[in-house]
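So you can see what is in the structure, the chains are spelled out below.
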Amino acid sequence: MLPILWVLCLGVCNAEWLQRSVSPIDQSYTAVTWPDDGVVIAVSAKASGTILRSTDYGVSWTLVATSLTTSSMYGVASKTISSTSYTYTVDDLGYIYKSLDQGVTWSNPAQLLSGSYCVAIGSNGNIFLGGTAAVQKSTTSTDSSWTRRTLSGTSVGALYGLATIDGLGVISVSSGGRIHYTLNGGSSWSMSSAIYTAALVARSTAGGSLYCVSMGNTT
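First, a word on scope: everything that follows refers to the structure included in this document. Please read these numbers as outputs of a predicted model, since none were measured by experiment.

Looking now at the overall build of the protein. Along its length, the protein carries zero helices and 18 strands. Going through the 219 residues of the protein one by one, you find that 50% of them count as buried. Entry remark: accessible area of the protein is about 10400 Å², with carbon and sulfur atoms responsible for 52%.

Here it is, written out as structure tokens:
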């Protein structure tokens, strides 16, 4: 299947799924977020990444952030805090992009020394970015300055997924098959046992790559 095709569930149709062809068609769309009812923001991972926005549950799309120079983007997240809608996405060159109007306009508050592949925003304003064996942390009020914490353990690899609800409990998953978690907003991290697949059950150092994670509640 060509990467130009989307498969999206339309909230107005209950249980119906439709394929949507979107422009630009030469992109691999890697992540979406829903900042508001009907509003969807999608990012892509090609040599020059793009950001798309929909206001009708993904039926039609508009190219936004056309003035930004971006690299491949693999993660995007949104959260409304104290009536302000925050959306953040990152690219693999270390650039951070922010929108305060549900994806209509974008700014670039910071560039890190290394790339990021995922992002999560907590209800307390904490922002977490996942890179290679490390998490970067900031807040919605100080997002020009970031604190880096290296995650310890065997074969951590690149962090492909992050999840948080309250900004205190955070879970990360990695290409090394590892799960790291914190209960104190990232001040300290613990590592779970490896997650094994049937083909890797004999290996003792790492499981298969983990790409995404979601939380049902704060515990």
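Once the structure has been displayed, the description carries forward.
Spatial strand order, 7-8-9-10: four strands in an open sheet with antiparallel pairing. This sheet does not close on itself; its edge strands, each paired only once, are strand 7 (73–81) and strand 10 (107–111). With strand direction ignored, the average angle separating the axes of adjacent strands in the sheet is 25°. Inspection of the sheet shows strand 7 paired to strand 8 (residues 84–91) by eight bridges, in the antiparallel sense. Directly across from Thr80, in strand 8, lies its bridge partner Ser85.

On to the packing of aromatic side chains. Within the structure shown, the criterion is met by five aromatic pairs. Note on Tyr117 and Tyr160: the rings are 6.3 Å apart at their centroids and 80° apart in plane angle, and the pair reads as edge-to-face. Here Tyr117 is found in the loop between strand 10 and strand 11 (118–121), whereas its partner Tyr160 is found in strand 15 (residues 159–164), with 43 residues between them in sequence. We classify Tyr160 as partly exposed; its relative accessible area is 31%. An aromatic cluster of at least three residues, connected via ring pairs, comprises Tyr74, Tyr117, Tyr160 and Tyr211.

By the element assignment, Cys212 lies in the segment after strand 18 (190–191). In the structure, Cys212 is positioned 50 residues away from Leu162 in sequence and 7.0 Å away in space, judged by C-alpha atoms. The contacts of Cys212, once residues within four sequence positions are left out, are Gly161 and Val173.

On strand 17 (residues 179–182), burial follows the alternation: His180 and Thr182 on one face are buried, whereas Ile179 and Tyr181 on the facing-out side are not. Note that strand 16 (residues 170–174) and strand 17 share four bridges and pair antiparallel. Looking at strand 17, one finds that Ser172 is bridged to His180. Two elements, strand 17 and strand 18, share two bridges in a ladder whose sense is antiparallel. Residue pairing for strand 18: Tyr181 is matched across the bridge by Ser190.

Parameters and conventions
- Think of each chain on its own: its residues are numbered from 1, step by step along the sequence as written.
- Thresholds applied to this predicted model are a pLDDT of at least 70 for local features of residues and 80 or more for the giving and counting of side-chain atom pairs; totals over whole chains, interfaces and linings are not thresholded and use all residues.
- Excluded from the side-chain calculations are hydrogens and water; all other atoms, namely the structure's heavy atoms, are used.
- Note on conventions: DSSP H or I runs of at least 4 residues are helices, E runs of at least 2 residues are strands, and numbering of each starts at the N terminus.
- We call a residue buried when its accessible area falls under 20% of the maximum for its residue type, exposed when it is over 50%, and partly exposed in between, using a 1.4 Å probe and counting protein chains only.
- Accessible surface area values rest on a Shrake-Rupley calculation with a 1.4 Å probe, where residue burial reflects the displayed protein chains alone.
- By the convention used here, strands pair only if DSSP detects at least 2 bridges between them.
- Lines fitted to C-alpha atoms define the axes here, with helix axes fitted over just the stretch in contact, and angles between the N-to-C directions of these axes take values from 0 to 180 degrees.
- Classification of ring pairs rests on two measures: the distance between centres of Phe, Tyr or Trp rings, Trp counted by its six-membered ring, which must be within 6.5 Å, and the angle between planes, read as stacked under 30 degrees, edge-to-face over 60 and tilted in between.
- Residue contacts are defined here by distance: any two heavy atoms, one from each residue, within 4.5 Å place the two residues in contact.

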